[in-house]
Amino acid sequence: MNKNQSTGLLFELSRAGRRCHQIDGVLRNDASHAIPQRFLADAPVPLPELGELDIVRHYTNLSSRNMAIDTHFYPLGSCTMKYNPKRHERMVSDHHFADLHPLQPASTCQGMLSVLHEMEMMLAEIAGLHACSLQPSAGAQGELTALLVAAAYFRHRGEHRTKVLIPDSAHGTNPASAVLAGFEAVTVKSTPDGMVDIEDFTRKLDDSIAVFMITNPNTLGLFEGQITRIADMVHARGGLVYLDGANMNAILGIARPGDFGADMMHYNVHKTFTGPHGAGGPGSGPIAVRSMLEPFLPVPRVVKRDGHYILADERPLSIGRVRSFHGNIGVLLRGYFYIRTLGPEGLANVSRHAVLNARYLRSLLLGKLDMAGSDNCLHEFVASLKNLRRERRVSAMDVAKRLLDYGYHAPTVYFPLVVPEALMMEPTETEGPETLEAFAETLIKILGEDPEMLRTAPHTLSISRPDEVKATKEPVLRWIAG
Ligand SMILES: *Cc1c(COP(=O)(O)O)cnc(C)c1O
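Residues numbered from 1 in each chain as written. Predicted model: local features only at pLDDT ≥ 70, side-chain atom pairs only at ≥ 80, totals over all residues. Heavy atoms only, no water.

Next up on the list: the overall build of the protein chain. Helices and strands together make up the secondary structure of the protein chain, namely 16 helices and 13 strands. For 482 residues, the compact-globule formula gives about 23 Å, and the C-alpha radius of gyration of the protein chain, at 25 Å, lands near that figure. Overall, the C-alpha framework of the protein chain stretches about 75 × 65 × 40 Å when taken along its three principal axes. Counting every position in the protein chain, which comprises 482 residues, the buried fraction comes to 49%. By sequence separation, contacts in the protein chain at least 24 residues apart represent 70% of the contacts at least 6 residues apart. Surface summary for the protein chain: the accessible area is close to 23,900 Å², and the carbon and sulfur share equals 55%. (Helix = DSSP H or I, 4+ residues; strand = E, 2+ residues; numbered from the N terminus. Rg over C-alpha atoms; globule rule 2.2 N^0.38 Å. Buried < 20%, exposed > 50% of the residue type's maximum accessible area, 1.4 Å probe, protein only. Contact = heavy atoms within 4.5 Å. Areas by Shrake-Rupley, 256 points an atom, 1.4 Å probe, with all protein chains shown as cover.)

The strand order across the open sheet formed by seven strands is E1-E7-E6-E5-E4-E2-E3, and the pairing between neighbours is mixed. Edge positions in the sheet fall to strand E1 (131-133) and strand E3 (184-188), since each has one partner strand and no second. Between one strand axis and the next, the sheet turns through 20° on average, direction left out of account. Where helix H6 (residues 139-156) meets the sheet, its contacts fall on strand E2 (163-167), strand E4 (209-215), strand E5 (240-244), strand E6 (264-266) and strand E7 (287-289), and the angle it forms with E5 comes to roughly 175°. Across the sheet, helix H9 (residues 227-236) lies against E4 and E5, angled at about 140° from E5, the strand it touches most. (Pairing = 2+ DSSP bridges. Axes fitted to C-alpha atoms, helices over the stretch in contact; angles between N-to-C directions.)

Along its 18 residues, H6 runs 26 Å from first to last C-alpha, staying within 8% of the 26 Å computed at 1.5 Å per residue. When we look at burial in H6, the residues that qualify are Gly139, Gly142, Glu143, Thr145, Ala146, Leu147, Val149, Ala150, Ala151, Ala152, Tyr153 and Phe154. Residue glycine 158 follows H6 closely and has a positive phi angle near 75°. (Expected span 1.5 Å × (residues − 1).)

To continue, consider the nonpolar core. When a protein is soluble and globular, its nonpolar side chains tend to lie buried together. Core analysis: the biggest nonpolar cluster contains 57 residues, and Phe201, Phe212 and Phe273 have the highest contact counts within it. Per-element accounting of this core gives the leading share, ten residues, to helix H11 (residues 329-365). In contact with phenylalanine 273, other than residues within four places in its own chain, are Leu123, Ile126, Leu252, Tyr267, Asn268, Arg334, Gly335, Tyr338 and Ile339. Counting 26 residues, the second largest nonpolar core, distinct from the first, contains Ala146, Ala151, Ala170 and Met213. (Core = buried A, V, L, I, M, F, W, Y, C linked by side-chain atoms within 4.5 Å.)

A complete count under the given rule lists 26 salt bridges for this structure. The residue arginine 203 makes a salt bridge to glutamate 199 at a minimum N-O spacing of 4.0 Å. Here glutamate 199 and arginine 203 lie together in helix H8 (residues 198-204), a separation of four residues that amounts to about one turn. Here arginine 203 falls in the exposed class, since its relative accessible area comes to 56%. (Salt bridge = Lys/Arg side-chain N within 4 Å of Asp/Glu carboxyl O.)

What follows deals with the site of the ligand. The full set of residues close to the ligand is Ser78, Ala138, Gly139, Ala140, Glu143, His171, Thr173, Asp244, Ala246, Asn268, His270 and Lys271. Within the backbone of glycine 139, one N or O atom sits 2.8 Å away from an oxygen atom of the ligand. Secondary-structure elements contributing two or more residues to the shell around the ligand are H6 and helix H10 (269-272). At three residues, H6 tops the list of elements feeding residues into the shell around the ligand. When its residues are assigned to classes, the shell around the ligand shows three nonpolar, six polar and three charged. (Near = heavy atom within 4 Å. Polar contact = N/O pair within 3.5 Å; in protein donor to acceptor, adjacent residues only side chain to side chain. Nonpolar A, V, L, I, M, F, W, Y, C, P; charged D, E, K, R; others polar.)

A separate point is the domain arrangement of the protein chain. Per the domain assignment, the segments of the protein chain are domain 1 (10-63), domain 2 (89-342) and domain 3 (351-473). Placing a centre on the C-alpha atoms of domain 1 and another on those of domain 2 gives a separation of 45 Å. (Domains from an automatic or database assignment.)

Next up on the list: the sheet that holds strand E10 (residues 370-372). Strand order in this open sheet of four strands is E10-E11-E13-E12, and the pairing throughout is antiparallel. In this open sheet, the two strands that pair with only one neighbour each are E10 and strand E12 (412-413). In the sheet, E12 pairs with strand E13 (residues 422-425) via two bridges, with the strands oriented antiparallel. Residue pairing across strands places valine 413 opposite leucine 423, the latter belonging to E13. Here H11 sits on the sheet in contact with E10, strand E11 (381-384) and E13, set at roughly 20° to E11.

Our focus in this paragraph is the environment of alanine 146. With respect to the helices and strands, alanine 146 occurs in helix H6. Those residues in contact with alanine 146, other than ones at most four positions away along the chain, are Tyr242, Met264 and Ile287.

This part is about the pairing of strand E9 (residues 308-312). The pairing of strand E8 (residues 301-305) with E9 spans five bridges and is classified as antiparallel. Counterpart to arginine 301 in the pairing with E9 is alanine 312. Between E8 and the antiparallel strand that follows it, E9, lie two residues; aspartate 306 among them carries a positive phi value of about 50°.

What follows is about the packing of H11 against helix H14 (residues 433-447). Running from amino to carboxyl end, H11 crosses H14 at an angle of 30°, the nearest separation of the two axes being 9 Å. For the element pair H11 / H14, the angle class is roughly parallel. Between H11 and H14 lies a crossing whose hand is right-handed. Each of Asn357, Tyr360, Leu361, Leu364 and Leu365 in H11 lies in contact with H14, whose residues at this interface are Pro433, Leu436, Glu437, Phe439, Ala440, Leu443 and Ile444. (Parallel < 35°, antiparallel > 145°, perpendicular 65-115°, else oblique. Left-handed = near helix turned anticlockwise from the far one by under 90°.)

Set out below in structure tokens:
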């Protein structure tokens, strides 16, 4: 790192009296006379005092210390870190979209409402389901919303069902959503090759089961071959099947969840449909449902009546709102542009190429890493470093950290929980073969390095091994100056 690139906080760089450029008369308007005396601070707020160039350098240097899909290969499994087309950024900032206010009357934003309506129909079609709500802000909120819809459905039918069945390979948000929606989460075992253990499933399936939640392809990147049989068994007991759609990148335009038995699902628009994401946001997690569940979807719904779009909220069975306004429109629009640009055949090619890339990368690593699950991976695969840990005392975390030194974002580690020392890799469809080859070569090289080199990695970044839980256990939410 260049010595001039300070790692300090703006507050530490502050020098009394230092100022940015000030244009005479422009920034001098003192509005304090308009504020009642009792709301005024006793002393000026202790803001850092800096020159403009200090600020520009500070933020520009910080931004260059990040790993992003625009700068580095980012094979983060399950998260689908695919290229975010720059064209979408230009289109979404068009003032016809960007200058709308969510509170303006529906009659003045017919264009936007038609886009949202069309987006709902396209997502329902890709799902093989009937209706869609764009409101949920992320996959996890989509899960919760759909489970609240399921709860309302059973309540309406006078059925008392208390449990949600979830395979042990599921994402942690699945059981969390089930509990938040008032259900008990019951775990179903996986077989050694990563499929639902039908025996365990059959034992736990009874009339108290409201929903069976499944990720398909699952978090090992494997398609559940028995899915229609499993769905039939759930339906025979009067339960509903929920599909966690985080892995839709593997099956877009090729298999529809509604056709293989799902009654409801969520999408992660920020994963599958190119919303730029990372560091926790922004997201969009629309849900699609079968027709009998539609009356329970959140309000307001975008409805076309007499040739005009309206926002309808007179729906007595609806679970109500799950967030303000109509969803994360900026992310939804990017997804809409993506789907409209590619069309049905283009979307199917996304999945074909995503699967091809994952299988190619897996084949390059085969024999060098122990793989979890069978050979038929779809868009992602999982390796286990269990043996490496035992033989050389090197963990999945050590390998992930060492990859940073070589300019690669780490794969997902320690997920799914059913694989010890898991490294989960999802290259996505937008990478070329040279990138995958270079990554595989680097990973293989790292596996042969001195274990001490790995245990102390990364060596080239300004921060090496931060305490992984300190930030949540002891959050520092404000800077107290001086
Ligand atoms: C990402 C993910 C989720 C949660 O989605 P968010 O949009 O992050 O809330 C759920 N399940 C799986 C399998 C995921 O990968």
